[in-house]
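What follows is each chain in one-letter form.
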Amino acid sequence: MIRIIAGQGVEGDAHSGERVQHLSRIRTDPTQPNLRQVHLMHAELFQELAKKEIAINPGDLGENITTRGLDLLSLGRDTLLHLGKAAVLRVTGLRNPCAQIDAFAPGLLKEVAIKTPHGIERKAGIMCVALESGEVCAGDVIRVEPPNGPFIPLERV
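So, how was this worked out
- Each chain has its residues counted from 1, running along the sequence as written.
- Owing to the predicted nature of the model, reporting of local features is limited to residues with pLDDT of at least 70; listing and counting of side-chain atom pairs is limited to 80 or more, with chain, interface and lining totals taken over all residues.
- With hydrogens and water stripped out, all remaining heavy atoms of the structure feed into the side-chain values.
- Per the convention used, a helix needs a DSSP run of H or I reaching at least four residues, while a strand needs a run of E reaching at least two, with both numbered from the N terminus.
- For a compact globule the rule gives 2.2 Å times the number of residues to the power 0.38, and the radius of gyration it is set against comes from C-alpha atoms.
- Contacts were defined at the residue level, with two residues in contact if any of their heavy atoms lie within 4.5 Å.
- For the area figures, the Shrake-Rupley method with a 1.4 Å probe applies, and any residue is considered shielded solely by the protein chains shown.
- Charged residues are defined here as Lys and Arg on the positive side and Asp and Glu on the negative side; His and the ends of the chain fall outside this count.
- Positions of charges follow a simple convention, taking NZ of Lys, CZ of Arg, CG of Asp or CD of Glu.
- In these notes, a set of buried Ala, Val, Leu, Ile, Met, Phe, Trp, Tyr and Cys residues joined through side-chain atoms within 4.5 Å is what counts as a nonpolar core.
- In this scheme, a residue with accessible area under 20% of its type's maximum is buried, one over 50% is exposed, and one in between is partly exposed, where area comes from a 1.4 Å probe on protein chains only.
- Criterion for a salt bridge: a side-chain nitrogen of Lys or Arg within 4 Å of a carboxyl oxygen of Asp or Glu.
- The rule for pairing is simple: two strands pair if DSSP sees at least two bridges between them.
- Axes here mean lines fitted to C-alpha atoms, for a helix over just the part in contact, with angles spanning 0 to 180 degrees between N-to-C directions.

When its secondary structure is counted, the protein shows 4 helices and 11 strands. For 157 residues, the compact-globule estimate of 2.2 N^0.38 gives 15 Å, and the protein sits close to it at 15 Å. Along the longest, intermediate and shortest principal axes, the C-alpha atoms of the protein span 40 × 35 × 35 Å. In the protein, the share of contacts with a sequence separation of at least 24, taken over all contacts with a separation of at least 6, comes to 68%. Accessible surface, the protein as shown: approximately 8,900 Å² in total, 52% of it carbon and sulfur. Of the side-chain charges in the protein, 18 are positive and 19 negative, and the distance between the mean point of each set is 4 Å.

Here's what the structure looks like:
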């Protein structure tokens, strides 16, 4: 079980807070809002990586919530995710993995940030901000609420 705190993220997590927590972003501008309060990753990625002999388990890459059967990467910006009885997250964008991820498993970065002729395809999950507090437990259903207005594809945050 994890506890989502509105405006902060996951209780006790290093990335929790209203302002940016990532060191490189703090150096750039410590007053930036934290758009990376909660990290979700799809379990299907672990299966895909296993086929390439890269063993990753839930939580290994710092994600707070692992999903199954939900195409996280195709969600639009500002989509609301309702988890557990009360928690609500707003999708802000794609996780942008850096070279440090290769320290966990050599070659991992090129598998989760794939260079294509049209740019980089990011597969390392999505980032959200916490709108409503609540407890989230393994097996909880996630209800997806598309945003009002036009679909806005996810970009890195």
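More follows now that the structure is in view.
A separate point is the nonpolar core. In terms of nonpolar packing, the biggest core is built from 19 residues, with Ile4, Val38, Leu40, Leu81, Leu89, Ile126 and Cys128 touching the most fellow members. Mapped by element, the contributors of at least two residues to this core are strand S3 (38-42), strand S5 (80-83), strand S6 (87-94) and strand S9 (126-132). Top contributing element to this core by residue count: S6, with 4 residues. Leu49, Ile56, Leu61 and Ile101 belong to the second-largest nonpolar core, a separate cluster that totals 13 residues.

Scanning the entire structure with this criterion turns up 4 salt bridges. Here Glu48 makes a salt bridge to Lys123, at a shortest N to O gap of 2.4 Å. Separated by 75 residues along the polypeptide, Glu48 in helix H2 (residues 43-50) and Lys123 in the loop between strand S8 (119-122) and S9 bring together distant segments of the chain. Between Lys52 and Glu111 there is a salt bridge whose closest N-O contact spans 2.8 Å. Of this pair, Lys52 sits in the loop between H2 and strand S4 (65-67) while Glu111 sits in helix H4 (residues 108-112), and the two are 59 residues apart along the sequence. We classify Lys52 as partly exposed; its relative accessible area is 47%.

Reading across from one edge, S4-S3-S9-S6-S5-S11 is the order of the 6 strands in this open sheet, with mixed pairing throughout. Of all strands in the sheet, those with a lone pairing partner are S4 and strand S11 (142-145), marking the two edges. Strand-to-strand twist across the sheet, computed as the mean angle between neighbouring axes with direction ignored, equals 35 degrees. When S5 meets S11, the two strands line up antiparallel, connected through 4 bridges. By the bridge assignment, Leu83 is partnered in S11 with Ile142. Across the sheet, H2 is in contact with S3 and S4; its angle to S3 comes to roughly 50 degrees.

Another aspect to go through is unusual backbone geometry. Note: most residues except glycine have negative phi, and most peptide bonds are trans. Not every positive phi belongs to a glycine, and Glu53 is a case in point at roughly 65 degrees. Tracing the sequence through the fold places Glu53 in the loop between H2 and S4. A positive phi is found at Asp78, a non-glycine position, where the angle reads about 75 degrees. Note that Asp78 resides in the loop between S4 and S5.

A few words on the pairing of S6. Extensive coverage of S6 is indicated by the burial of 7 of its 8 residues. Hairpin geometry of S5 and S6 is characterised by an intervening segment of 3 residues between the two adjacent antiparallel strands and by a positive phi of about 65 degrees at Gly84. Where S6 and S9 come together, 6 bridges link them in antiparallel fashion. Across the sheet, Leu89 pairs through a bridge with Ala130, a residue of S9.

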